[in-house]
There are 2 protein chains.
Amino acid sequence: MSTAHGARARARIEVTAAIKDEARRQLAADGAARLSLRAVARELGMVSSALYRYFPSRDDLLTALIIDAYDSLGETAEAAHEAAAGSGPLHRWIAVCEAVRRWALGHPHEYALIYGSPVPGYTAPDTTVPAAARVGLLLIGIVRDAYRGLGLARPPLPADLRPEAERMAADLAPDLPPETVTVLIAAWAQLYGLVGFELFGQFNRVVEDREAFFRHAVGQLAHGVGLVYPQKG
Amino acid sequence: MSTAHGARARARIEVTAAIKDEARRQLAADGAARLSLRAVARELGMVSSALYRYFPSRDDLLTALIIDAYDSLGETAEAAHEAAAGSGPLHRWIAVCEAVRRWALGHPHEYALIYGSPVPGYTAPDTTVPAAARVGLLLIGIVRDAYRGLGLARPPLPADLRPEAERMAADLAPDLPPETVTVLIAAWAQLYGLVGFELFGQFNRVVEDREAFFRHAVGQLAHGVGLVYPQKG
DNA sequence: CACAAACGAGAGCACTGCTCTTGCTTGAGA
DNA sequence: TCTCAAGCAAGAGCAGTGCTCTCGTTTGTG
């Protein structure tokens, strides 16, 4: 079915890829709201209605771009993590966070598409879940390594949050203490607060040396998760 | 010029307000991208071209709504702060953060308009700055009170960030130590990371008891700023 | 009282997402 | 090998958008 069952199937794959490529170009240039099916078709020398053979609607095309963006970000973050493989958890944590920031600055519209306000009336289908989880899994892995290595400081957990914390830990990282999982999730969200504020102009006239500011902030984030004093690395 | 110089001027103010009201209604219902000048005009019984006498473009109308949204959020936060006036800084900090979260949940599209991805091709004019600063000023004020009361723990500051930290402190809160101002700005951004992740669905299937989670997270945020052990309040 | 400025209405331009119909092409089963 | 349905591109068309321009009318001021 899907595997090169003929010239036709191969052509379909190629055209689909060409559409996505051109759409990604337009997304990077002008943003999601200005992505136009007609303009994509025009650029590809086809008529707009032909494009609907490949993507049933504009939203479906956007969904494909969303998954690609998550994957691109995930790959970048994983590459940065591997490049820092020899270092201690804190250094790896910072490396991943900085990779996220750099990717966001380099792909502002893609970042806005996946972490900014979702396109109105549009809710991401479950298809995007695995791609979206990659950075989070990376952060969990770093903390897990640190935890196995020498344990972590466990920030206190209020009583009313304990059941939820245990549920989240069971879901995401059964081998980590609930206290850690809770602050880890918060740090994950806060990382994107830092990136988003810089990217969307909230730091204009406030923060100038954003690189140094960011590094310090994500270091503090790691501190909050208990990730300090890696094995002297 | 601007003050009720006649029936005409008054009518202009009323029509302008009516346009904004209807636009705000549509924004709340369908989001910024679906806000249509023609639909607003239609609902108001006027023709679309007449609307351009009041707002030169769709972006100008959006800018007006952005300022209103900032003000609405600012008022809500300030009201929550006053309601907690008797309490200690930590309690007031949490009260303000929770007010921000509640406002965001109650006004998702307005929140997305001001803190989500900015409308492509659109950059907010300086007009919005004072309205946008209100929540930040509130947080600074809380920390200032705490600092005057009994001082704060000062998280260490890396050497490469010191000049920037001193510059930021001089700009925003000359009476606070640079270390505090730096983590305060980071906490400010991180607050919006937490809110945005909940609002934009990133916590789906991850965090269930979001109220308790949020309270704990902003408590940790306050802890990072040095805001613990208020005067027993 | 006159006259310019402000205003509402309408037509029109260029664009959008999407649907439907009309033919042509391709590839798999009889 | 031939047939015939499925896949496909093209074009016309619908309803909607932001925005501009023109044309009378109203209004307030010098």
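Please read these numbers as outputs of a predicted model, since none were measured by experiment.

## Overview of the overall build of chain A
No. 1: Secondary structure assignment for chain A yields eleven helices and zero strands.
No. 2: Tracing chain A from N to C terminus, the helices and strands come up as α-α-α-α-α-α-α-α-α-α-α.
No. 3: Principal-axis analysis of the C-alpha atoms places the extent of chain A at approximately 60 × 50 × 40 Å.
No. 4: When burial is assessed residue by residue, chain A has 50% of its 233 residues classed as buried.
No. 5: Summed over its atoms, the accessible surface of chain A is roughly 10,900 Å², and 54% of this surface lies on carbon and sulfur atoms.
No. 6: For chain A, the centre of its 24 positive side-chain charges and the centre of its 26 negative side-chain charges are spaced 4 Å apart.

## Considering empty space enclosed by the protein
No. 1: Applying the stated criterion across every chain, the model contains three cavities of 30 Å³ or more.
No. 2: Reported here for the largest cavity is a volume of approximately 170 Å³.
No. 3: Lining the largest cavity are 17 residues; nearest its centre among them are Tyr 115 and Tyr 192 of chain A together with Tyr 115, Tyr 192 and Gly 196 of chain B.
No. 4: Taken together, the residues that form the lining of the largest cavity break down as ten nonpolar, seven polar and no charged.

## Observations concerning the protein's contact with DNA strand D
No. 1: Lining the immediate environment of DNA strand D, one finds 22 residues, of which Ser 49 of chain A together with Leu 37, Arg 38, Arg 42 and Arg 58 of chain B sit closest.
No. 2: Within 4 Å of the protein, the contacting atoms of DNA strand D are drawn from sugar and phosphate to the extent of 50%.
No. 3: Within the side chain of Arg 12 of chain A, an N or O atom sits 3.2 Å from a phosphate oxygen of DNA strand D.
No. 4: Within the side chain of Tyr 54 of chain A, one N or O atom sits 3.0 Å away from a phosphate oxygen of DNA strand D.
No. 5: When residues of the surface near DNA strand D are traced back to their parent elements, those giving at least two are α1 (7–30) and α3 (48–51) of chain A together with α1 (7–30), α2 (37–43) and α3 (48–51) of chain B.
No. 6: It is α2 of chain B that contributes the most residues to the surface near DNA strand D, three residues altogether.
No. 7: Each residue belonging to the surface near DNA strand D can be placed in one class, and the counts come to eight nonpolar, six polar and eight charged.

## Details of the protein's contact with DNA strand C
No. 1: Around DNA strand C lies a shell of 22 residues, among which Leu 37, Arg 38 and Arg 42 of chain A together with Ser 49 and Arg 53 of chain B are the nearest.
No. 2: Per the 4 Å cut-off to the protein, sugar and phosphate atoms form 50% of the nearby atoms of DNA strand C.
No. 3: Contacts to DNA strand C include Tyr 52 of chain A, whose side-chain N or O atom sits 3.2 Å from a phosphate oxygen.
No. 4: Between a base oxygen of DNA strand C and a side-chain N or O atom of Arg 53 of chain B, the distance comes to 2.6 Å.
No. 5: Here the element with the most residues in the surface near DNA strand C is helix α2 (residues 37–43) of chain A; it accounts for three residues.

## Focus: the interface of chain B and chain A
No. 1: Contacts between the two partners involve 51 residues from chain B, matched on the other side by 51 residues from chain A.
No. 2: Summed over both sides, the interface of chain B with chain A buries roughly 4,000 Å², with 65% coming from carbon and sulfur.
No. 3: Scanning the region where chain B abuts chain A turns up two salt bridges.
No. 4: Measuring nitrogen to oxygen at the nearest pair gives 3.8 Å for the salt bridge that ties Asp 160 of chain A to Arg 215 of chain B.
No. 5: Of all the elements in the fold, those that place two or more residues in the side of chain B that touches chain A are α6 (108–115), α9 (162–172), α10 (178–199) and α11 (210–225) of chain B.
No. 6: Counting residues per element, the side of chain B that touches chain A draws most heavily on α10 of chain B, at eleven residues.
No. 7: Looking at the side of chain B that touches chain A residue by residue, the class counts come to 31 nonpolar, ten polar and ten charged.

## What about the domain arrangement of chain A?
Residues and elements named next belong to chain A.
No. 1: Looking at the assigned domains, one finds that chain A contains domain 1 (1–55) and domain 2 (58–225).
No. 2: Once you take the C-alpha centre of each, domain 1 and domain 2 turn out to be 31 Å apart.
No. 3: Both faces considered, domain 1 and domain 2 share a buried interface measuring about 1,200 Å² in area, 70% of it formed by carbon and sulfur atoms.
No. 4: The largest share of the area that domain 1 buries against domain 2 comes from Leu 27, Leu 35 and Phe 55, three residues that together contribute 40% of it.

## Side note on the pattern of salt bridges
No. 1: Following the criterion strictly, the structure yields 34 salt bridges over all chains and no others.
No. 2: Where Arg 162 of chain A meets Glu 179 of chain A, a salt bridge forms, and the shortest distance between an N and an O atom there is 3.3 Å. Taken together, the positions of Arg 162 of chain A in helix α9 (residues 162–172) and Glu 179 of chain A in helix α10 (residues 178–199) put the pair 17 residues apart, joining distant regions of the chain.
No. 3: What makes Arg 162 of chain A partly exposed here is its relative accessible area of 30%.
No. 4: According to the relative accessible area criterion, Glu 179 of chain A is buried, its value standing at 11%.
No. 5: Among the ionic pairs, Arg 101 of chain B bridges to Glu 198 of chain B, the shortest N-O distance being 2.9 Å.

Basis of the calculations
Numbering of residues starts from 1 in each chain and follows the order in which that chain's sequence is written. Whichever chain is written first becomes A and whichever ligand is written first becomes 1, with later ones labelled in order. With pLDDT at 70 or above as the cut-off, local features in this predicted model cover only qualifying residues; side-chain atom pairs require 80 or more to be listed or tallied, and sums for whole chains, interfaces and linings still use all residues. Each side-chain value is worked out from all heavy atoms of the structure, with water and hydrogens disregarded. The helix and strand labels rest on DSSP assignments: H or I over at least four residues marks a helix, E over at least two residues marks a strand, and numbering proceeds from the N terminus. Burial here depends on accessible area, computed with a 1.4 Å probe over protein chains only, as a share of the maximum for the residue type. Under 20% is buried, over 50% is exposed, and the range in between is partly exposed. Each accessible area is a Shrake-Rupley result for a 1.4 Å probe, and residues are judged covered by the shown protein chains and nothing else. Positive charges come from Lys and Arg alone, negative charges from Asp and Glu alone, with His and the N- and C-terminal ends not counted. Each charge is placed at NZ for Lys, CZ for Arg, CG for Asp and CD for Glu. A 1.4 Å probe that fits into a set of points on a 1 Å grid over the protein atoms alone but cannot get out defines a cavity; an open set with protein on both sides within 12 Å along at least five of seven lines defines a pocket, and lining residues are those with an atom within 4 Å of a point. Grid points are joined across faces, edges and corners, and a volume is the space filled by probe spheres set on the points. Here the term charged refers only to Asp, Glu, Lys and Arg, the term nonpolar to Ala, Val, Leu, Ile, Met, Phe, Trp, Tyr, Cys and Pro, and the term polar to all other amino acids, Gly among them. Throughout this document, a residue counts as near a molecule or strand when at least one of its heavy atoms sits within 4 Å of that molecule or strand. A 3.5 Å cut-off defines polar contacts: any pair of N or O atoms within that distance qualifies, except that in protein one atom must be a possible hydrogen donor and the other a possible acceptor, and neighbouring residues in sequence count only when both atoms are side-chain atoms. Two residues qualify as a contact provided that any one of their heavy atoms is within 4.5 Å of a heavy atom in the partner residue. Values labelled buried area give the accessible surface lost by two parts on being combined, using a 1.4 Å probe and summing over both. Throughout this description, the term salt bridge denotes a Lys or Arg side-chain nitrogen within 4 Å of a carboxyl oxygen of Asp or Glu. Where each domain begins and ends follows an automated or database-derived domain assignment.

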